[in-house]
Amino acid sequence: MSFLSGKNILITGIASERSIAWGIAQAMRREGAQIACTYPNEKMKPRVEGLAEKLGADAVLPCDAASDAEIAELFSELGKKWEHLDALVHSIAYAPREELNGMFLDAVSRDGFNTAHEISSYSFAALARAARPMMRAGGALLTLTYIGSLRAMPGYNVMGLAKASLEANVRYLAQSLGADGIRVNAISAGPIRTLAASGIANFKKMLAHFEKAAPLGRAITIEEVGNAAAFLCSDLASGITGEITYVDGGFSTVGISERFIAE
Ligand code: NAD
Ligand code: 0WE
């Protein structure tokens, strides 16, 4: 197939071999893309460098999504490696841990709200603006979201608000960049045990509910998200922009699962 051969793709958010961004990077490499990836701070640098080597990445560059200076520096450095960029993957989310516990109204704070929205939503627009000059021939932007944007989920709390903002961000960026031939999409993934999911209270219970309710009757994998991401960032998806694509085993399409009736 190799439907990404010759494409230059920047991937943020690789933190481990469980990261969704890692599944995306694998699928994109398999389809022939050159990859550059980013790390958020000095502490993560050696880890991400190791993973980048395993991947066969062209470049590993620093980028804290909270810093305009680092975002500018990222594309100035990338411009020295690559003449143009074909796609960018935003796989970044953060809220202070204490926001992701208990009832939303008890947990939410002004600071936690601002941080969650800045890192998990604004950063997508900031990266899009900085990437634009390297995408003169058109391109694709992709981010990762979760159905907690549309439905209240136990403990997802302020992240649900931030993902609602991120999904609106996708539509407004698609409108802003359509005339430049730049497509903007999101994948809404089902729950996956990654670093961002570790230590979340009751994650196991939520995963069990998901597996029971989803038509496919099982959890989804980073490989499955990776394949959908590779497609959305490729020319095969040339007619798709402003969309949220669900890679969730059908969870979002069901009211009451047949599996609850059958038992
Ligand atoms: P992960 O922990 O592997 O990845 C999260 C990444 O965010 C890490 O690489 C981390 O370094 C990065 N990050 C956090 N703050 C940052 C900052 N200030 N600057 C730059 N990078 C920063 O977990 P993951 O589950 O792979 O998460 C990736 C994306 O997928 C997130 O947007 C998450 O909301 C989304 N998502 C996850 C799930 C799930 O169940 N795991 C489901 C749907 C969507
Ligand atoms: O988007 C996410 C996780 C995002 C996330 C995770 C953390 C953990 C560590 C954002 N910020 C932080 N901050 C930390 O300090 N997911 C979709 C995975 C997830 O997280 C949940 C979930 C699911 C699913 C939190 C509560 C309930 C369900």
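Refer to the structure presented above.
Participant: Mind laying out the layout of surface pockets, listing which residues take part and the relevant values?
Facilitator: In this model, the second largest pocket occupies a volume close to 160 Å³. Lining the second largest pocket are Tyr122, Ala125, Ala126, Ala128, Arg129, Arg132, Leu173, Ser176 and Leu177. Of all the secondary-structure elements, those providing two or more residues to the lining of the second largest pocket are α5 (110-131) and α6 (158-177). Split by residue class, the lining of the second largest pocket holds 6 nonpolar, 1 polar and 2 charged.

Participant: Give me the lowdown on the side chain of asparagine 169, citing residues and values where you can.
Facilitator: If you trace the backbone, asparagine 169 turns up in helix α6. Among all residues touching asparagine 169, those that are not within four sequence positions of it are Ser121, Tyr122, Phe124 and Ala125.

Participant: Describe in detail the nonpolar core, supporting the description with residues and values.
Facilitator: Counting 39 residues, the largest nonpolar core has Ile9, Ile11, Ile14, Ile24, Met28, Ile187 and Val225 as its most contacted members. Counting only elements with at least two residues in this core, the list comes to β1 (8-11), α1 (20-30), β2 (34-39), α2 (45-55), β4 (87-90), β5 (139-145), β6 (182-189) and α8 (222-232). Per element, the largest residue contribution to this core is 7 residues, and it comes from α1. Counting 30 residues, the second largest nonpolar core, distinct from the first, contains Leu85, Phe124, Ala126 and Ala131.

Participant: Describe unusual backbone geometry, with residues and values.
Facilitator: A positive phi angle, close to 50°, is found at asparagine 157, a residue other than glycine. Mapped onto the fold, asparagine 157 is located in the loop between β5 and α6. Look at asparagine 157 and you get buried, because its relative accessible area is 10%. In this structure, asparagine 202 is a non-glycine residue whose phi angle is positive, near 65°. Secondary-structure assignment places asparagine 202 in the loop between β6 and α7 (203-213).

Rules and cut-offs
- Residues numbered from 1 in each chain as written.
- Chains lettered and ligands numbered in written order.
- Predicted model: local features only at pLDDT ≥ 70, side-chain atom pairs only at ≥ 80, totals over all residues.
- Heavy atoms only, no water.
- 1 Å grid on protein atoms, 1.4 Å probe; cavity = no way out; pocket = protein on both sides within 12 Å on 5 of 7 lines; lining within 4 Å.
- Points joined across faces, edges and corners; volume = space filled by probe spheres on them.
- Helix = DSSP H or I, 4+ residues; strand = E, 2+ residues; numbered from the N terminus.
- Nonpolar A, V, L, I, M, F, W, Y, C, P; charged D, E, K, R; others polar.
- Contact = heavy atoms within 4.5 Å.
- Core = buried A, V, L, I, M, F, W, Y, C linked by side-chain atoms within 4.5 Å.
- Buried < 20%, exposed > 50% of the residue type's maximum accessible area, 1.4 Å probe, protein only.

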